[in-house]
Amino acid sequence: MTHFFHFIICFFLVIFQTTVMPYFPMFDRFYDLLFPFIIFLSLFRPLRESIPVILFFGFVMDTLSGGPFGLYLTTYLWLFVGVKWMTTFLDVSDSVLLLFVVAAGVLIQNLIFIAAITISSPLTLPFSQVMNTIAVQLIWATFTGPFLLLFFNYSHNKWDKWISQLFVKT
Amino acid sequence: MIVGVIVLIAINIIILSASSRSYSSYYEPGRIAIPFIAPFQKAVTRSVRFVRGLWSNYFYLVTAAKENERIREALNQAVEENNHLLELKLFNIRLRELLEFQKAITSRVIAAEVIGKDPSPWFKTIIIDKGTDDRVRKGMAVVISDGVVGQVISASSHYSKVLLITAHNSSADALVQRTRARGIIQGGATGRCAFKYVLRKHDVQVGDRVITSGLDDVFPKGLSIGQVSRVIKPDAGIFQEVTVIPYVEFEKLEEVLVVLNPLKKQL
């Protein structure tokens, strides 16, 4: 059931960011919406729940994107591992750090993407353009990322409660 | 007894007859009761009228509210229908343009709808609703009447992924229509393309139209790509730096044509 919840959320996020968001110019340089979800998995969910979701939706995003195949999968896995590692010595889930964790993740994703682009076709990205895109994504991530994280956590708790009640009744 | 009844009837008739004659008189007996009864009548009548008015107004308001709701709904439907018709009109215009363009390019093409876009600003791809079942194959050109859109980079049975010409890893053989100066169009930043490997000695001016050369065996010859927006001739080197703004508005792409068999168009 938890996997079903994760699947529904990720599916909605993928559809939303590939079909609805491109129609709004203000979201032209929005960050990957799956990122907060991956961070949510790292912070609040166990490994066995998270890995299948990350592998599946990393694959889905790689299929939809024009980047080198495996790029999204790699980014998601590294993000998951990185945040998990961070939580071993930092209480990220209950502090001001939550404000910056999504932004930091977005920055890492951008750096990986830029590295991939630079390797595949050097000298195609002007520095100003790169900086501008990263800055816009970081701003979006800083202001919306924590809310998304909290929303995922809240809805997951609600879902768990609802499922447990449903099974108790039946 | 009978005589008494007859006498009473006679008296009654006489009184009635007398009272009917004095009907217009000011001192008629009925007038005495009016001041006592009328206020009550007035009050009751007004109350009844008030209640009746309230009742009828209530029902009128209810009816009006229902009518208002119905009209509002009808208006919404009309607006929605109007919007739908407007959308159909625009869709029709776009399809007509595509049809005209389809006739013009002499290649076999298939129309497809754009159903998704790459979420990342770093990679520029779109997903279209035609795949291998519709004879779409990897490497096929995707165009619209405005110009070149890109090429198919992967195709499943019903859907395909198209790499836009503005993507950093996209390229197409092209030439300047006016002077036939050749080069390679490569995707760049901010939705612009770099026109690379154009020799310094060739004449390229801002505003020149860049078209496909057809030499890459992907894009049919003579399709519009874009307009030259900047030309830099460095002091050293054999090439000049040319920037091209594509004619296609990639943010507004909705329908495209996939060229199934690129026939080289003779200009």
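Heads up: the structure comes first, above all this text.
Summary of the structure given here. (Residues numbered from 1 in each chain as written. Chains lettered and ligands numbered in written order. Predicted model: local features only at pLDDT ≥ 70, side-chain atom pairs only at ≥ 80, totals over all residues. Heavy atoms only, no water.)

Some words on the packing of aromatic side chains
Residue and element names in this part refer to chain A. Quick note on the threshold: Only Phe, Tyr and Trp rings take part, Trp by its six-membered ring, and two of them pair if their centres are within 6.5 Å. Stacked means planes under 30 degrees apart, edge-to-face means over 60, and tilted covers everything else. Categorising residues by exposure relies on relative accessible area from a 1.4 Å probe, with only protein chains included: less than 20% of the type maximum marks a residue as buried, more than 50% marks it as exposed, and the intermediate range marks it as partly exposed.
Across all of its chains, the model carries 24 aromatic pairs over all chains by this definition. On the numbers, 6.1 Å between centres and 70 degrees between planes, the contact of phenylalanine 24 with phenylalanine 27 is edge-to-face. On the basis of relative accessibility, which here comes to 41%, the residue phenylalanine 24 falls in the partly exposed class. Relative accessible area serves as the criterion here: at 23%, phenylalanine 27 is assigned to the partly exposed category. By the ring-pair criterion, three or more aromatic residues cluster together here, those being Phe24, Phe27, Phe30, Tyr31 and Trp140.

Topic: the environment of leucine 150 of chain A
Put simply, the test is: Strands here are runs of E lasting at least two residues and helices are runs of H or I lasting at least four, both read from the DSSP assignment and numbered beginning at the N terminus.
Assignment of secondary structure puts leucine 150 of chain A in helix H6 (residues 127-169). With 52 residues separating them along the chain, leucine 150 of chain A and leucine 98 of chain A place their C-alpha atoms 9.4 Å apart.

Some words on the nonpolar core
How we decide: By nonpolar core is meant a set of buried Ala, Val, Leu, Ile, Met, Phe, Trp, Tyr and Cys residues that side-chain atoms within 4.5 Å join together.
By size, the foremost hydrophobic cluster in this structure holds 47 residues, and its most contacted members are Leu34, Phe37, Ile39, Tyr76, Val102 and Leu149 of chain A together with Trp122 of chain B. Among the elements of the structure, helix H1 (2-20), helix H2 (34-44), helix H3 (47-64), helix H4 (71-86), helix H5 (97-120) and H6 of chain A are those that each provide at least two residues to this core. Counting residues per element, this core draws most heavily on H5 of chain A, at nine residues.

A short note on the sheet that holds strand E5 (residues 160-164) of chain B
Residue and element names in this part refer to chain B. Convention followed: Strand pairing follows a simple DSSP-based rule, namely that at least 2 bridges must link the two strands. For helices, the fitted line uses only the C-alpha atoms of the stretch in contact; every axis is such a line through C-alpha atoms, and the angle between N-to-C directions lies from 0 to 180 degrees.
Taking strand neighbours around the barrel as the criterion, the six strands line up as E1-E2-E5-E4-E3-E12 in a closed arrangement whose pairing is antiparallel. Strand-to-strand twist in this sheet, taken as the mean axis angle between neighbours without regard to direction, amounts to 45 degrees. Pairing analysis gives four bridges linking strand E3 (residues 141-144) to strand E4 (residues 147-155), with the strands arranged antiparallel. The partner of isoleucine 144 across the bridge, within E4, is glycine 147.

Quick notes on the environment of phenylalanine 7 of chain A
All names here are of chain A. Put simply, the test is: Contacts are residue-level and defined by heavy atoms, with any inter-residue pair within 4.5 Å sufficient.
Within the element layout of this structure, phenylalanine 7 appears in helix H1. Along the sequence, phenylalanine 7 and valine 53 sit 46 residues apart, while their C-alpha atoms lie 6.9 Å from each other. With residues near it in sequence (within four places) discarded, phenylalanine 7 still touches Phe56 and Phe57.

Some thoughts on the sheet that holds strand E10 (residues 224-232) of chain B
Strands pair in a sheet through their backbones, by hydrogen bonds, and they do so in one of two ways: parallel or antiparallel. Residue and element names in this part refer to chain B. Taken together, the six strands give a closed barrel; going around it, the order is E6-E7-E8-E11-E10-E9, and neighbouring strands pair in antiparallel fashion. Here the strands of the sheet are splayed against their neighbours by 40 degrees on average, with no regard to which way each runs. Taken together, the six bridges between E10 and strand E11 (residues 239-246) define a ladder with antiparallel strand orientation. Bridge pairing in E11 links glycine 226 to proline 246.

Notes on a nonpolar patch on the surface
Residues and elements named next belong to chain A. Going by this rule: Here the term patch refers to residues with relative accessible area over 30% and no salt bridge, with like charges joined within 9 Å and nonpolar side chains (Val, Leu, Ile, Met, Phe, Trp, Tyr) within 5 Å. Reported accessibility uses the Shrake-Rupley method at a 1.4 Å probe radius. Residues are deemed covered only where the shown protein chains occlude them. By convention in these notes, a salt bridge is any Lys or Arg side-chain nitrogen within 4 Å of a carboxyl oxygen on Asp or Glu.
A contiguous nonpolar patch, built from Met1, Phe4, Phe7, Ile8, Phe11, Ile15, Phe56, Trp162, Leu166 and Phe167 and spanning about 1,000 Å² of accessible area, is present on the exposed surface. Within the residue set of the nonpolar patch, elements represented by two or more residues are H1 and H6. Considering each element in turn, the nonpolar patch owes the most residues, five residues, to H1.

Description of the interface of chain A and chain B
For clarity, the threshold we go by: Summed over both partners, the accessible area lost on bringing two parts together, with a 1.4 Å probe, is the buried area. Under this definition, polar contacts are N or O atom pairs within 3.5 Å; protein pairs additionally need one hydrogen-donor-capable and one acceptor-capable atom, and for neighbouring residues in sequence, both atoms have to be side-chain atoms. Residue classes follow a fixed rule: Ala, Val, Leu, Ile, Met, Phe, Trp, Tyr, Cys and Pro count as nonpolar, while Asp, Glu, Lys and Arg count as charged, and any other residue, Gly among them, counts as polar.
If you look at the interface, chain A gives 31 residues, while chain B gives 17 residues. Both sides together, the interface formed by chain A and chain B hides about 1,900 Å², and carbon and sulfur atoms give 64% of it. There are zero salt bridges connecting chain A and chain B. There are eight residue pairs in polar contact (both at pLDDT 80 or more) connecting chain A and chain B. Elements supplying a minimum of two residues to the side of chain A that touches chain B: H1, H3, H4, H5 and H6 of chain A. The residue makeup of the side of chain A that touches chain B, split by class, is 14 nonpolar, 14 polar and three charged.

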